[in-house]
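# Chains, contacts and geometry: an overview
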2 protein chains.
Amino acid sequence: MKLPLSIDVGGTSIKVGLFDNNGKLLKKYSVPTIITKGNDDRNVINQIIDIIYKEKDENDILSVGIGMPGPVIDGVVLGAHNLHLNEINLQNIIKAEFSDLYIKVLNDANAACLGEAKFGSGFGYKNIVLITIGTGIGCGIMINNKIIEGKSGSTGEIGHICVEKDGLLCKCGKTGCLEKYASASAISNLATRRYNEYGKSVEKVTCEEVFKDYERGFNPAIQAVNEACYYLAIGIGNIINILNPDVIIIGGGVSEAKELLLEPIKFYLKEFTFYGTKETLVVTAKLHNDAALYGLSEIGND
Amino acid sequence: MKLPLSIDVGGTSIKVGLFDNNGKLLKKYSVPTIITKGNDDRNVINQIIDIIYKEKDENDILSVGIGMPGPVIDGVVLGAHNLHLNEINLQNIIKAEFSDLYIKVLNDANAACLGEAKFGSGFGYKNIVLITIGTGIGCGIMINNKIIEGKSGSTGEIGHICVEKDGLLCKCGKTGCLEKYASASAISNLATRRYNEYGKSVEKVTCEEVFKDYERGFNPAIQAVNEACYYLAIGIGNIINILNPDVIIIGGGVSEAKELLLEPIKFYLKEFTFYGTKETLVVTAKLHNDAALYGLSEIGND
């Protein structure tokens, strides 16, 4: 039986997953990403090729889905800056090496959205937005069962939609970006400020601690979570009003807080959705860090 | 030669257009919409049927595209409140009467987007957002050459995305909606306030007068236009960051101001778009009030 192989390339490690034809993850491992400073951008590509050769030796491979951390359109990586890859047709390069395999390259957030759509919280829906809240805020969008890549592979930059006019300065150069108010680091910074204002002297509260304190009713934690969720609701409300999706799936590290995160988001969301769009479901992701691997195993079926 | 017929149903009139097979508008007329108060929702449907019979008598009809003012999904009108039509499968009703014709029902903003895509400012692009700025702010979205309808036909409710936290109260019940800051009536209200503050006593300045005064450098008009365009740029920036489209087309009455409207929008938009999405074109519409008729003539080719 020929099997789908998934390779999810990140800035620090490359995750590899082998699946059966029913979407069951048979094995998973990761290797450190080799990045040479400068312009020798073949290192990561050679790593990908080596992984495929190795897996082909050991298994009967059907397809290879490759996830990349940056905008991708029709298999062309437009800019994976961490990996020193720019405007490179990775899909064609890999196809040239393995003409007997079905190959597809996707942006990693889009791959994760596909994974949640086929095997996770989006199962059975055709209009899905996956929002990952971690150090930054990422997003993958599926419309009518198809991942959308846009003009230049940059759909779903919701970490940088404006939720506060004349707001905080973001590293992207703009102000008021959602990422500055509701990413893991933003929640941590905000909570640290609120704890100290309250008189509890702390150097740094982690996002995990904030949600624990929120659960036990510690007021500065409640304030910080509510404030972040209010801004998330503005951003998510905008997406719902524009796309009218079936379901919003929230993933990434912060989503481990589950209902503690969902409840205030849903509460504030009522203020920001237009009546025709109020029925959109808001749920947390199921596949955690493996969502992209699952999605990449599906590339032969899209 | 069999010809496409377009019927664009509005709250006050029904516009009819007959096209040749090259998208040329051969004839156009309109009739008043007959709306009976109460639940007799067959009036408008009978009018549509009568129009089709009349045109069939006189011409060899190929297809009938019908535009409706409210959410439509797969030919089902979910709520055209002005017309007392709710959850009615208009497409099937018309198909049952004219089994020999190809029939399709679309939301009017989506039809207009299709029109601009095929015959107007969106020609040659596959990811298009049409924003119509009139009394309200409407929107049609095309992704990969397909109009998107969402879960419940309510895509593109950008008049109700939040652009000002704790902002002005909208008739929809939410606060800070784009429509309250940048529709024709919002611009008119804002300018009237600014003119009076400046010492020029006016009861009501029309949107057209505001742009004339803006062009000749009258300060309160400049303030009002810039303020509206700033909010439009927040809303359009959010759309661009989420959808990464090829082109944003601005239509509706306010778009007659052309460059006077586009220039400040583009100026402020730099503040609100993420780097990968900065290349999106922003242009005005070409087909004015006939965009939906043109789009509805294309339903056999989608």
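All values derive from a computational prediction rather than experimental measurement.

Criteria and cut-off values
- Residues numbered from 1 in each chain as written.
- Chains lettered and ligands numbered in written order.
- Predicted model: local features only at pLDDT ≥ 70, side-chain atom pairs only at ≥ 80, totals over all residues.
- Heavy atoms only, no water.
- Helix = DSSP H or I, 4+ residues; strand = E, 2+ residues; numbered from the N terminus.
- Rg over C-alpha atoms; globule rule 2.2 N^0.38 Å.
- Buried < 20%, exposed > 50% of the residue type's maximum accessible area, 1.4 Å probe, protein only.
- Areas by Shrake-Rupley, 256 points an atom, 1.4 Å probe, with all protein chains shown as cover.
- Contact = heavy atoms within 4.5 Å.
- Buried area = accessible area lost by both parts, 1.4 Å probe.
- Salt bridge = Lys/Arg side-chain N within 4 Å of Asp/Glu carboxyl O.
- Polar contact = N/O pair within 3.5 Å; in protein donor to acceptor, adjacent residues only side chain to side chain.
- Pairing = 2+ DSSP bridges.
- Axes fitted to C-alpha atoms, helices over the stretch in contact; angles between N-to-C directions.
- Least-squares fit on C-alpha atoms with pLDDT ≥ 70 in both.

In terms of helices and strands, chain A carries nine helices and 13 strands. In summary, chain A has a C-alpha radius of gyration of 20 Å against a globular reference of 19 Å for 302 residues, a match within 12%. Dimensions of chain A, computed from C-alpha atoms along their principal axes, come out at roughly 60 × 45 × 35 Å. Going through the 302 residues of chain A one by one, you find that 57% of them count as buried. Here chain A displays about 12400 Å² of accessible surface, and carbon together with sulfur accounts for 49% of that area.

The next thing to look at is the interface of chain A and chain B. Facing 42 residues of chain A, the contacting portion of chain B comprises 42 residues. The largest contributions to the chain A side of the interface with chain B come from Lys151, Ile242 and Phe274 of chain A, which together make up 20% of the buried area. Applying the counting criterion to the chain A and chain B interface returns two salt bridges. Between lysine 165 of chain B and glutamate 164 of chain A there is a salt bridge, and its shortest N-O distance comes to 3.4 Å. If you look at where chain A meets chain B, you find 22 residue pairs in polar contact (both at pLDDT 80 or more). Of all elements in the fold, only strand E10 (137–143) and helix H7 (219–243) of chain A reach the threshold of two or more residues within the side of chain A that touches chain B.

Residue and element names in this part refer to chain A. Sheet topology places strand E6 (residues 76–80) next to strand E7 (residues 85–88); three bridges connect them, and they run antiparallel. Residue pairing across strands places glycine 79 opposite asparagine 86, the latter belonging to E7. Counting the residues in the hairpin turn of E6 and E7 gives four residues, including histidine 84, whose phi is positive at 55°.

All names here are of chain B. As summarised here, the arrangement of the five strands in space is E3-E2-E1-E4-E8, forming an open sheet in which the pairing is mixed. Two strands lie at the open edges of the sheet, namely strand E3 (25–32) and strand E8 (102–107), each paired on one side alone. This sheet shows a mean twist of 15° between the axes of neighbouring strands, independent of strand direction. Bridging between strand E1 (residues 3–9) and strand E2 (residues 13–19) involves five bridges; their strand directions are antiparallel. The residue of E2 that forms the bridge with isoleucine 7 is valine 16. Against the sheet, helix H1 (residues 42–58) engages E1, E2, E3 and strand E4 (61–68), with an angle of about 145° to E3. Across the face of the sheet, helix H2 (residues 90–97) comes into contact with E4 and E8 while running at roughly 160° to E8.

So, about the pairing of strand E13 (residues 281–284) of chain B. Where a strand is regular, its side chains alternate between the two sheet faces. Residues and elements named next belong to chain B. Side chains Val282 and Thr284 of E13 all project onto a buried face; the interleaved residues Leu281 and Val283 project onto a face where none is buried. In terms of strand pairing, strand E12 (residues 247–251) meets E13 through four bridges, oriented parallel. If you follow isoleucine 249 over to E13, its bridge partner there is valine 283.

On to the relation of the copies chain A and chain B. Expressed as a screw operation, the relation of chain A to chain B combines 0.0 Å of axial shift with a rotation of 180°, fitting to an RMSD of 0.0 Å. In short, the pair behaves as if placed about a two-fold rotation axis. The residues that chain A uses at the interface reappear at the interface of chain B in 100% of cases, marking a shared surface.

A few words now on helix H8 (residues 259–269) of chain B. Three or more residues of H8 of chain B are buried, namely Leu261, Leu262, Pro264, Ile265, Tyr268 and Leu269 of chain B. On its buried face, H8 of chain B sits against helix H6 (207–215), helix H7 (219–243), E12 and E13 of chain B.

Residues and elements named next belong to chain A. What the five strands build is an open sheet, ordered E11-E10-E9-E12-E13; its pairing is mixed. A strand with exactly one partner marks an edge of an open sheet, and here the two such strands are strand E11 (146–147) and strand E13 (281–284). Strand direction decides the pairing type here: strand E9 (residues 128–133) and E10, joined by six bridges, are antiparallel. Looking at the pairing, isoleucine 128 lines up with methionine 142 of E10. Contacts from helix H8 (residues 259–269) reach strand E12 (247–251) and E13, with the element oriented near 160° to E13.

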